[in-house]
Every structure is written in structure tokens, then in C-alpha cells.
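Examining the three-dimensional arrangement
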Amino acid sequence: MVNVIDNSGAAVAECVKVLKMKRHAKIGDRIIVVVQKQRNFGPESGPGGSVSVSAANKVRRGDIRHAVVVRTVKKYQRPDGSVVKFDDNACVLINKGGEPIGSRLNGVVGAELRDKKWSKILSLAPMHL
């Protein structure tokens, strides 16, 4: 299970496939996920608000989507000798063309995305380590 840190409407997803390799996913790898839990955008759901809430959710539970891993719990040693480890596994949902589905990210992302050419995700993130 990985957390989804964009505003696409998904909260938790399950990785079912790591694309183009036969090993575990690292930061910057493209994976296929199934959305397990939707994010609820609670307070704005007043009278008639259910229409806007469903419009805000770009994905639904059970959808199969592509994603990019942005944080991993597994320790990763960088070429300069520093070791990076995050508190959770997180991803960002993308479309088939590689563009993020959400327009905003909440939380830090790994700087290894720069080496893997995910600059669009880096520009949306508030901070990268």
C-alpha cells in the first residue's frame, strides 16, 4: 500500500506492477496501482455539494492508474554518501503520457526524481529532499 499525495481524489493505492523491471520500485520508478481508498473533501459538501465533491475526485475506488514513486521507507544511499529514508511509501498518479493527474502535491518528494526526468512533479512539490 502506498499513500497518494496529490489532489486527484485517491488517498491510498496498492501497487500491482513495477514497469520495465523485475525488482522492487525505487524513487522515480513508474508503477501501476489500484486505488483502494478515496479522499473525502469534507467541509464543502453542503446542500448540492455532492456534485462538486464528485467532480473534484478525478479517480474512483477500483481505478487502475499509472503512478510514480516519490517516497520510500527503504534506505537509499546517494552517490555523495548520504542515506535517505522516509516515513512512508508515497506516489503521485499520472496519466499514460506522464503528466500528473492532480494539480497540487502535499508533502516532500525525493530529489532522485530530477535524475529520472520527472521535473513536472518536482515543480508541483512544496519541497524535495
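Computed from a prediction, not measured in an experiment: that's the story for all the values here. Per-chain numbering applies: the sequence of each chain, read as written, is numbered from 1 onward. Confidence filtering applies because this is a predicted model: local features only for residues at pLDDT of at least 70, side-chain atom pairs given and counted only at 80 or more, and all residues used for totals across whole chains, interfaces and linings. Only hydrogens and water are set aside when side-chain values are computed; all heavy atoms of the structure are taken into account.

1. As for the sheet that holds strand 4 (residues 64–71)
Read around the closed barrel, the five strands follow the order 1-2-3-4-7; overall the barrel is mixed. Adjacent strand axes in the sheet meet at a mean angle of 50° when their direction is disregarded. Between any two strands, at least two bridges found by DSSP are needed for them to pair. Elements are defined by DSSP. Helices are runs of H or I of four residues or more, strands are runs of E of two residues or more, and each kind is numbered from the N terminus. As a rule, the C-alpha atoms of each element are fitted with a line to give its axis, helices using only the stretch in contact, and angles between N-to-C directions run from 0 to 180 degrees.

2. Some points on the side chain of D6
In this structure, D6 sits in the loop between strand 1 (2–4) and strand 2 (10–18). Exposure is judged per residue with a 1.4 Å probe applied to protein chains only, and the accessible area is read against the type maximum: over 50% gives exposed, under 20% gives buried, and values in between give partly exposed. Note on charges: Lys and Arg go in the positive column, Asp and Glu in the negative column, and His and the chain ends are not counted at all. For this document, the term salt bridge refers to a Lys or Arg side-chain nitrogen within 4 Å of an Asp or Glu carboxyl oxygen. R39 provides the closest opposite charge to the buried, salt-bridge-free D6, at an N-O distance of 5.9 Å. One polar contact links D6 to S8, side chain to side chain, over a distance of 2.9 Å. We define a polar contact as two N or O atoms separated by no more than 3.5 Å, with the added condition that, inside protein, one atom must be a possible hydrogen donor and the other a possible acceptor, whereas residues neighbouring each other in sequence contribute only through side-chain atom pairs. At 3.2 Å, the side chain of D6 and the backbone nitrogen of L93 are in polar contact. Should any heavy atoms of two residues lie within 4.5 Å, those residues are counted as being in contact. Those residues in contact with D6 that sit more than four places away from it in its chain are R39, V92, L93, G102, R104, L105 and N106.

3. Describing the nonpolar core
Put simply, a nonpolar core is a bunch of buried Ala, Val, Leu, Ile, Met, Phe, Trp, Tyr and Cys residues held in one set by side-chain atoms that sit within 4.5 Å of each other. Core analysis: the largest hydrophobic core is formed by 16 residues, its most contacted members being V70, V109, L113 and I121. Elements that contribute at least two residues to this core include exactly strand 4, strand 7 (90–94) and helix 2 (119–124). A per-element tally of this core places strand 7 first, with three residues. Contact partners of V70, with chain neighbours within four places excluded, come to I5, I27, A90, C91, V92, V109, G110, L113 and I121. Formed by 14 residues, the second largest nonpolar core is a distinct cluster that contains V2, V18, V35 and V69.

Nothing here speaks to function; it is all geometry.
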